[in-house]
Amino acid sequence: WFRENSYLPNLRSIDDAPDEFQVRVATDVPFPEAERLAKSSMVGQVFESGKNKVKVEDIQLWGNNDKLVVNTKLSGSFNGNIYFIGRPEFNPLKNQIEVKDLDFHVDTRSFLMRSASWLFQGTIKNQMKKAMTFPMEENIRELKASVQESLNYYEIQPGVVLTGTVDSVTVENTRVTPSSIRVNLFSKGKVNVDVKGL
């Protein structure tokens, strides 16, 4: 981004200036939006194992360091919450965030082994893995369009105009913030600075 009144080095005149630029930008999937998507897939689903049956009542998501925690409220043969944990990653082939290595949290695993081991034999974990996908194609397209719009004509100061084109936007990494799943992007393109009066 551009900072007003930021320090600029002394102006040097050079014959052959490169016109490429690189910029890092980020786009977020806020936890409420991720929860909405997960709930649409999971809430109301019923899982059975022999005589036991549970229904997913609610889902909450939050971050724990670099991991995503999925709190799943169940009713039926087991009433209570179970917790999954996994690492969000961007899948470039599908343009979506997926939660890799999603598994029962260690405390949930210990508790279920003692009191409801049948939940391990059900398909709830596999279904939760499928539900933990968050499409990013529209976010990335909008972000690229926003950067391009800024570069169409950006007046840094009166008489100093920046123009350019965004050639590519690629995903650098995915991480968890206190309020979202963040995808860090790397854009490349060409830029021109026009200084009127020189």
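All figures in this text were calculated on a predicted structure; none of them were measured in a lab.

Q: Tell me what's going on with the nonpolar core, and back it up with residues and numbers.
A: Residues Leu-61, Phe-78, Ile-82, Leu-119 and Met-132 are the most contacted members of the largest nonpolar core, which totals 43 residues. Sequence-distant contacts of Leu-119, defined by excluding residues within four places in its chain, comprise Val-54, Leu-74, Phe-78, Ile-82, Phe-104, Leu-112 and Ile-124.

Q: Which residues make up the pattern of salt bridges, and what values do they have?
A: The tally for this structure, following the rule as stated, stands at 10 salt bridges. Its salt-bridge partner being Arg-87, residue Asp-101 comes within 3.0 Å of it at the nearest N-O pair. With Asp-101 in strand β6 (residues 96-104) and Arg-87 in strand β5 (residues 80-91), this residue pair connects regions lying 14 residues apart in the sequence. Two residues, Glu-98 and Lys-100, come together in a salt bridge whose shortest N-O distance is 3.3 Å. Given a relative accessible area of 11%, Glu-98 falls into the buried group. Among the charged side chains, a salt-bridge network with shared partners connects Arg-87, Glu-89 and Asp-101.

Q: I'd like a description of the sheet that holds strand β7 (residues 133-135), backed by residues and values.
A: Ordered in space as β2-β3-β4-β5-β6-β7, the six strands form an open sheet in which the pairing is antiparallel. Looking along the sheet, the strands with just one partner apiece sit at the ends: β2 (46-49) and β7. The average undirected angle you get between the axes of adjacent strands in this sheet is 35°. Pairing between β5 and β6: seven bridges, direction antiparallel. Pairing of Pro-88 across the sheet is with Val-99, part of β6. Sheet contacts for helix α2 (residues 106-115): β5 and β6; angle to β6, the most-contacted strand, approximately 40°. Across the sheet, helix α4 (residues 124-131) lies against β2, β3 (52-64), β4 (67-76), β5, β6 and β7, angled at about 160° from β6, the strand it touches most.

Conventions adopted
Residues numbered from 1 in each chain as written. Predicted model: local features only at pLDDT ≥ 70, side-chain atom pairs only at ≥ 80, totals over all residues. Heavy atoms only, no water. Core = buried A, V, L, I, M, F, W, Y, C linked by side-chain atoms within 4.5 Å. Buried < 20%, exposed > 50% of the residue type's maximum accessible area, 1.4 Å probe, protein only. Contact = heavy atoms within 4.5 Å. Salt bridge = Lys/Arg side-chain N within 4 Å of Asp/Glu carboxyl O. Helix = DSSP H or I, 4+ residues; strand = E, 2+ residues; numbered from the N terminus. Pairing = 2+ DSSP bridges. Axes fitted to C-alpha atoms, helices over the stretch in contact; angles between N-to-C directions.

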